[in-house]
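# Fold and geometry: a report
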Amino acid sequence: MKAGPIAAHPAAMISDPSRAAMLTAMMDGRFHPASELAYMAGITPQTASYHLAKLEEAGMVAMHKQGRHRYYGLKSHDVAAVVETLLLLAPPVEIKSLRQSEENRHLRRARTCYDHVAGDLGIRLRDAMIEASVIREEADAFAITGEGAAFFEQLGIDVGAVRKKRRSFCSKCLDWSERTPHLAGSLGSALLERLLELRWLLRMEGTRALRITDEGVRGLQETFHIEIPRS
């Protein structure tokens, strides 16, 4: 018997198209009822429940029960990183309708990657923070600077509390649409939460795309010095 983890087991969990579709839907970092995930995957609720039970058993999905209802989300940021990496290898989606074209445009512009900002906006934020010496890029991660700590505190993020979270602090995540790393880890998560609190970003219903509000256009320009074209 071979010792060590067997990679084929999680790979088999993701290889099913229905399970892969539901995992991708959960990349918005939220918990969804099985019926909603079934609709997103184009399968029946009964089939979705079967697949979600398999994913939960494999440790890839967590379930929260509220009354008679069950809600499902990704188990951890490690699972999200695997899904994001697989999306890098996936062929482009064939656009067959105006709706698909609009959804794809919104996803590429700004979206959640589990619990941090991805897409064009994620990369523009990264570049702006590097240029302003808020963070610096290292081989396998980003690092916050002394000026950066003051910057995030002024933005309303408690850097000390964020550092204490049981996960990587300022890591890289390779962005599937931009093909370059955006800010992840607990600092990336705190940044997304703060931008949502300020209502500079809003979650778009039924997708992990983010909408940049008019307040966000102004705030991102004033704070990060990046120009955001209005859509």
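Here is what the cut-offs are and how they apply
- Residues numbered from 1 in each chain as written.
- Predicted model: local features only at pLDDT ≥ 70, side-chain atom pairs only at ≥ 80, totals over all residues.
- Heavy atoms only, no water.
- Disulfide = S-S within 2.5 Å.
- Buried < 20%, exposed > 50% of the residue type's maximum accessible area, 1.4 Å probe, protein only.
- Helix = DSSP H or I, 4+ residues; strand = E, 2+ residues; numbered from the N terminus.
- Arc of directions from axis to C-beta.
- Polar contact = N/O pair within 3.5 Å; in protein donor to acceptor, adjacent residues only side chain to side chain.
- Expected span 1.5 Å × (residues − 1).
- Contact = heavy atoms within 4.5 Å.
- Salt bridge = Lys/Arg side-chain N within 4 Å of Asp/Glu carboxyl O.
- Axes fitted to C-alpha atoms, helices over the stretch in contact; angles between N-to-C directions.
- Parallel < 35°, antiparallel > 145°, perpendicular 65-115°, else oblique.
- Pairing = 2+ DSSP bridges.

Evaluated as defined, the whole model comprises zero disulfides. Free of any disulfide, Cys-170 has its nearest neighbouring cysteine sulfur in Cys-173, separated by 13 Å. A residue is classified by how much of its surface remains accessible, and Cys-170, at 6% relative accessible area, is buried. Looking at the unpaired Cys-173, the closest cysteine sulfur is the one in Cys-113, lying at 3.8 Å. In this structure Cys-173 comes out as buried when scored by relative accessible area, which is 9%.

On to helix α2 (residues 17-25), then. Within the sequence span of α2, burial applies to Ser-18, Arg-19, Met-22, Leu-23 and Ala-25. An end-on view of α2 places all buried positions within 160 degrees of arc, on one side of the element. For α2, the side-chain oxygen to backbone nitrogen distance between the N-cap and Ser-18 is 2.9 Å, and the N-cap itself is Asp-16.

Given a rise of 1.5 Å per residue, 13 residues ought to cover 18 Å, and the 18 Å separating the end C-alpha atoms of helix α4 (residues 45-57) matches this to within 8%. Within the sequence span of α4, burial applies to Ala-48, His-51, Leu-52 and Leu-55. All buried residues of α4 project into a common sector of 105 degrees when viewed along the axis, lining one side. In α4, the exposed positions angled more than 90 degrees off the buried face are occupied by Gln-46 and Glu-57. In the core, the buried residues of α4 are packed alongside α1 (8-15), α2, α3 (34-41), β2 (61-66) and β3 (69-74). Of the residues flanking the end of α4, it is Gly-59, one or two places downstream, whose phi is positive at about 80 degrees.

Under the counting rule described, the total for this entry stands at eleven salt bridges. Measuring nitrogen to oxygen at the nearest pair gives 2.8 Å for the salt bridge that ties Asp-175 to Arg-111. One end of the pair, Asp-175, is in the loop between β8 (172-174) and β9 (181-183); the other, Arg-111, is in strand β4 (residues 111-113), and 64 residues separate them in sequence. Like Arg-111, Asp-175 is buried. A salt bridge links Asp-120 to Arg-124, with the shortest nitrogen-to-oxygen separation between them at 3.7 Å. Taken together, the residues Asp-120 and Arg-124, both in helix α7 (residues 119-131) and four residues apart, mark about one turn of the helix. On the basis of relative accessibility, which here comes to 29%, the residue Asp-120 falls in the partly exposed class.

Here we take up the packing of helix α6 (residues 98-109) against α7. Interhelical geometry of α6 versus α7 gives an angle of 15 degrees and a closest axis separation of 3 Å. As the angle between them shows, α6 and α7 are arranged roughly parallel. Counted together, Leu-107, Arg-108 and Arg-109 of α6 and Gly-119, Asp-120 and Leu-121 of α7 form the full contact between these two elements.

Glancing now at the pairing of β3. On any regular strand, side chains alternate: one points to one face of the sheet, the next to the other face. Relative to β3, strand β1 (residues 32-33) is paired through two bridges, and the arrangement is antiparallel. Pairing of His-32 across the sheet is with Tyr-72, part of β3. With six bridges joining them, β2 and β3 adopt antiparallel strand pairing. Pairing of Lys-65 across the sheet is with Arg-70, part of β3.

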